[in-house]
Structure formats: C-alpha cells, structure tokens
Amino acid sequence: MVLPATKEIYSVTEQEQQKVAMVVMAHADDAEFGCAGTVARWVKEGWEVYYVLCTDNSSGGPDEATDVSEEARKHVVETRMQEQRNACAVLGVKDVFFLGHHDGELQPTIELRKELVRLYRTYKPTRIICQSPVRSWEPIMSMGASHPDHRAAGEAALSAAYPASQNPWDFPDLFAQEGLKPHTITEIFVMGSPANNYISDISSTIELKWDALRAHTSQLGEHFDEIRTWIDSYHATMGKKIGSAYAEEFHRTENR
Ligand SMILES: [Zn+2]
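Residues numbered from 1 in each chain as written. Predicted model: local features only at pLDDT ≥ 70, side-chain atom pairs only at ≥ 80, totals over all residues. Heavy atoms only, no water.

**Student:** Residue-level account of the coordination of the zinc ion, with values.
**Tutor:** Taken together, the protein ligands of the zinc ion are His27 (ND1), Asp30 (OD), Asp30 (OD) and His150 (NE2), with distances of 2.0 to 2.8 Å. Classification of the site at the zinc ion rests on its four donor atoms, whose angles at the metal span 51 to 124°, yielding the label irregular. Taken in sequence order, the residues that donate to the zinc ion follow the motif H-x2-D-x119-H. The exposure class assigned to Asp30 is buried, which follows from its relative accessible area of 9%. (Donors = N, O, S within 2.8 Å, 3.2 Å for Na, K, Ca; no water. Tetrahedral: all angles 85-135°; square planar, octahedral: opposite > 155°, others 65-115°. Buried < 20%, exposed > 50% of the residue type's maximum accessible area, 1.4 Å probe, protein only.)

**Student:** Give me unusual backbone geometry: which residues, what numbers.
**Tutor:** Note that the residue after Tyr162, namely Pro163, is joined by a cis bond; omega there is 0°. On the secondary structure map, Pro163 appears in the loop between helix 8 (148-161) and helix 9 (172-176). Phi is positive for Asp29, close to 80°, though the residue is something other than glycine. Relative to the helices and strands, Asp29 is located in the loop between strand 1 (20-25) and helix 3 (30-34). A relative accessible area of 8% places Asp29 in the buried class. The backbone of Phe171 shows a phi angle near 45°, a positive value even though the residue is not glycine. With a relative accessible area of 15%, Phe171 lands in the buried category. (Helix = DSSP H or I, 4+ residues; strand = E, 2+ residues; numbered from the N terminus.)

**Student:** If you had to explain the pattern of salt bridges to someone new, which residues and values would you point to?
**Tutor:** Taken as a whole and assessed by the stated rule, the structure comprises 12 salt bridges. Two residues, Arg118 and Glu178, come together in a salt bridge whose shortest N-O distance is 2.9 Å. One end of the pair, Arg118, is in helix 6 (residues 110-123); the other, Glu178, is in the loop between helix 9 and strand 5 (187-191), and 60 residues separate them in sequence. What makes Glu178 partly exposed here is its relative accessible area of 38%. The closest approach of N and O atoms between Glu254 and Arg252, which form a salt bridge, is 2.9 Å. The network of salt bridges with common partners includes Arg127, Glu187, Arg252 and Glu254. (Salt bridge = Lys/Arg side-chain N within 4 Å of Asp/Glu carboxyl O.)

**Student:** Kindly report on the packing of aromatic side chains, identifying the contributing residues and their values.
**Tutor:** Scanning the model with the defined rule gives eight aromatic pairs in all. Ring plane angle 65° and centroid distance 5.1 Å describe the contact between Trp42 and Phe189, whose orientation is recorded as edge-to-face. Here Phe189 lies in strand 5 and Trp42 lies in helix 4 (residues 36-44), a separation of 147 residues in the sequence. One exposure class covers both Trp42 and Phe189, and it is buried. When the ring of Phe189 is compared with that of Phe250, the centres are 5.9 Å apart and the planes differ by 85°; the resulting orientation is edge-to-face. Taken together, the residues span a long stretch of sequence, with Phe189 in strand 5 and Phe250 in strand 7 (residues 247-254) at a distance of 61 residues. By the burial criterion, Phe189 is buried, and Phe250 matches it. The rings of Trp42, Trp47, Phe189, Tyr198 and Phe250 are connected pair by pair, giving a single aromatic cluster. (Phe/Tyr/Trp six-rings, centres within 6.5 Å; stacked < 30°, edge-to-face > 60°.)

Given below as structure tokens:
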C-alpha cells in the first residue's frame, strides 16, 4: 500500500480555519462539570462542537442502589444517554457519540485509541478538550478529576491526537479501507490537570452551564442547588484570576 506524502494529504492552514472542536470524556456529565461554559462560548462564537463519551455510564446509578442487575444497568445506560443528549441540546453541541465501554473499567487500549482516531479523522477537530491522564493532588476536585476512567479517557484522547491521528503510518487501514486521511489537531485543552495554564472566561455562558448540568437529573436531582453553590464558588475563584465573574481552567497545549 502506498500513501500520498503527508503534505499532500492535508494542509494545516486549511485545518486551522475549521471551527470544529471535539470533547472526549469518560462519562455523561463530566463535560458539564469541567468545560460546559467554554463549550457554550465556543458554540456562540460559531464553533461546531462534538462530544465523545467513552463509557456506557452503566455504573452511574444511585449510590444507595441494591439492584445492580443487568436490567438495572440497562436502565441507567438509557437514562444517562438521554440526559447527556438533553445537556448537549442546551449547549448547542452538534452531536454526541457513545463508544459504550464498560463504566468503571476503561483502559487506554489501542482499540480505544483507534476509535478516537477514526472520529478525529472523520470530523477533523482543530481543538479537543479531554481529561487529565495524570492524577491531580490539588485539594479541589482532586479525586473526582482523577477517577481511573477519566485518566484512561485522557490518555486515549491524547495518544489518539498525537501522533496517531496525524501519522499516516498509524492505523493505515483507516485510510486504505475507510478513506480517512491523517488529521492534525492543533489545540488541546486538558481538564483537571495538575498544571493549568489557561483560564477560559465563562461569564457569558454560566447560565447555560447550570442548565446543562441540571439536565443530568439522575445524578444531580435533589442535590442540584447544593452542588451549584459549590461549583459557583469554584468558577468564581477561577474568574477572579482574570478579573471576570466566572471561568473554567485548563492546561492548554499547541500541536503544530
Ligand atoms: Zn466521570
């Protein structure tokens, strides 16, 4: 099999003009907690945003549950898929893809990497948002941000972005059999990182973030107001760093 020279396959300049972003998360509601304000702002600025959820969310039922049968898990899966779709509708997310890996057991496998490369090469995002593959010991949100599924999703998302998506030698069957040309992602935003370097002003979209979070009824339901108070103060603290009312924080890196 002979592939065209990389420079003939794609043009970075051409890609940079595409306002397409992809948000890769382990679970339903991860993006709403970590980056929904930024997503809503990008959508308002004309970006086409896609979500990818790596797991089936089947371990996200009530903490006090006594029935964890397959039937009960199926109900949780369907409920959380619908809630995620509802949240995406609030934010203006174009589409959401569910990869369906078992919740709580996600691993950064070559298979998952390939699934993500397929999506990157198909939708050609210029930006991605993903979770941190590295455990954070920051006091705020440290354990939640470092859930093993989050770290696995982050590792897979980053490994798929570089070099696999842009390297014609990686997963050559995606090009040979599916016609998916290598694609370079130029901006990467990592949530829950131990070393944040980018603050995103979400003052104009904080209400949309609340509405999107509220869509996850089975998770937040009766605790929504309590969670909102806590998150409100968290984002207000970040906002103070740049003189705005609310902000989300990331580790941003460029890949050129
Ligand atoms: Zn999660």
